[in-house]
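What follows is each chain in one-letter form.
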Amino acid sequence: AGTYFSLPWLKLAFDKPIGRVTVRGDLYALDRQAVQDAVGIYENDSFLGIDLAALVGRLESQPWIAHARARRQWPDTVAIDIVEQKPIAYWGDRWMVNAKGRIFEHQGLYQNRPLPRLWSDMATPAETMSYYQIFERQLQPIGLGLQAISQGVQGDWQLTLDNGMQVMLDRTDPAGNVRHF
């Protein structure tokens, strides 16, 4: 009974306002201050009362954040660990794609980076990324790289090589056709 009646007092004694938010992680496109501002911890949030799951969900809904983790650090700090998206290529004009084939909006960040451009009217970004990796491995031994690949509505592939050459592949066996090329 003593423990039950002392719980409100203990909560009052240990539940302080949040005094600090720390952000850790290798951030290249994101700004730490912008992440701290996006966290949205308000004056009514307290050390024990903050919903860390909602905080992580809010962070992971941001396009450039791949994973986030939040934890409390005694006495008044919320520590956030962030893993930023690592773009491998552009997907159309507005999007970027990571190594797993997931797309995210680039929001004007990394726009001038020399990354390849991918697009497909038929395949998913993951399938297109898989074909890109296959084509890239096949072209490496002969000293060629890919600038862009795209798949049209008919299923045919168009490769733009780093030397400016364009290669058209039919849809039946594109990897085999690159080998023959």
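The text that follows walks through the structure, step by step, so that each part is easy to find. In this text, all values refer to a predicted model and were calculated from it rather than measured experimentally.

**Section: the pattern of salt bridges**
In a structure, side chains of opposite charge can pair up when their charged atoms sit close to one another.
Then step 1. According to the stated counting rule, one finds 4 salt bridges in the structure shown.
Then step 2. The partner of D81 in a salt bridge is R24, with the nearest N and O atoms 2.9 Å apart. With a gap of 57 residues between them, D81 in strand β3 (residues 77–84) and R24 in strand β1 (residues 20–24) connect regions that are remote in the sequence.
Then step 3. Three or more residues are tied together by salt bridges with common partners; here these are R24, R69, R71 and D81.

**With respect to the sheet that holds β3**
Then step 1. The strand order across the open sheet built from 3 strands is β1-β3-β2, with neighbouring strands paired in mixed fashion. In this open sheet, the two strands that pair with only one neighbour each are β1 and β2 (65–73). If you compare each strand with its neighbour and ignore which way they point, the axes differ by 20° on average.
Then step 2. In this structure, β1 lies alongside β3, joined through 5 bridges in parallel fashion. The residue of β3 that forms the bridge with T22 is A79.
Then step 3. Relative to the sheet, helix α2 (residues 32–39) contacts β1 and β3, its axis offset from that of β1 by approximately 130°.
Then step 4. The strands touched by helix α3 (residues 52–60) within the sheet are β2 and β3, with β2 carrying the most contacts at an inclination of about 155°.

**A word on the sheet that holds strand β8 (residues 146–151)**
Then step 1. Overall, mixed pairing links the 7 strands, which are arranged β6-β5-β4-β7-β8-β9-β10 in an open sheet. Lying at the two open borders of the sheet, with one neighbouring strand each, are β6 (103–105) and β10 (166–169). Pairwise comparison of adjacent strand axes, ignoring direction, gives a mean angle of 30° for this sheet.
Then step 2. This element, helix α4 (residues 125–139), spans β4 (87–91), β5 (95–98), β6, β7 (117–120), β8, β9 (157–161) and β10 of the sheet and lies at about 135° to β8.

What counts as what
Residues numbered from 1 in each chain as written. Predicted model: local features only at pLDDT ≥ 70, side-chain atom pairs only at ≥ 80, totals over all residues. Heavy atoms only, no water. Salt bridge = Lys/Arg side-chain N within 4 Å of Asp/Glu carboxyl O. Helix = DSSP H or I, 4+ residues; strand = E, 2+ residues; numbered from the N terminus. Pairing = 2+ DSSP bridges. Axes fitted to C-alpha atoms, helices over the stretch in contact; angles between N-to-C directions. Contact = heavy atoms within 4.5 Å.

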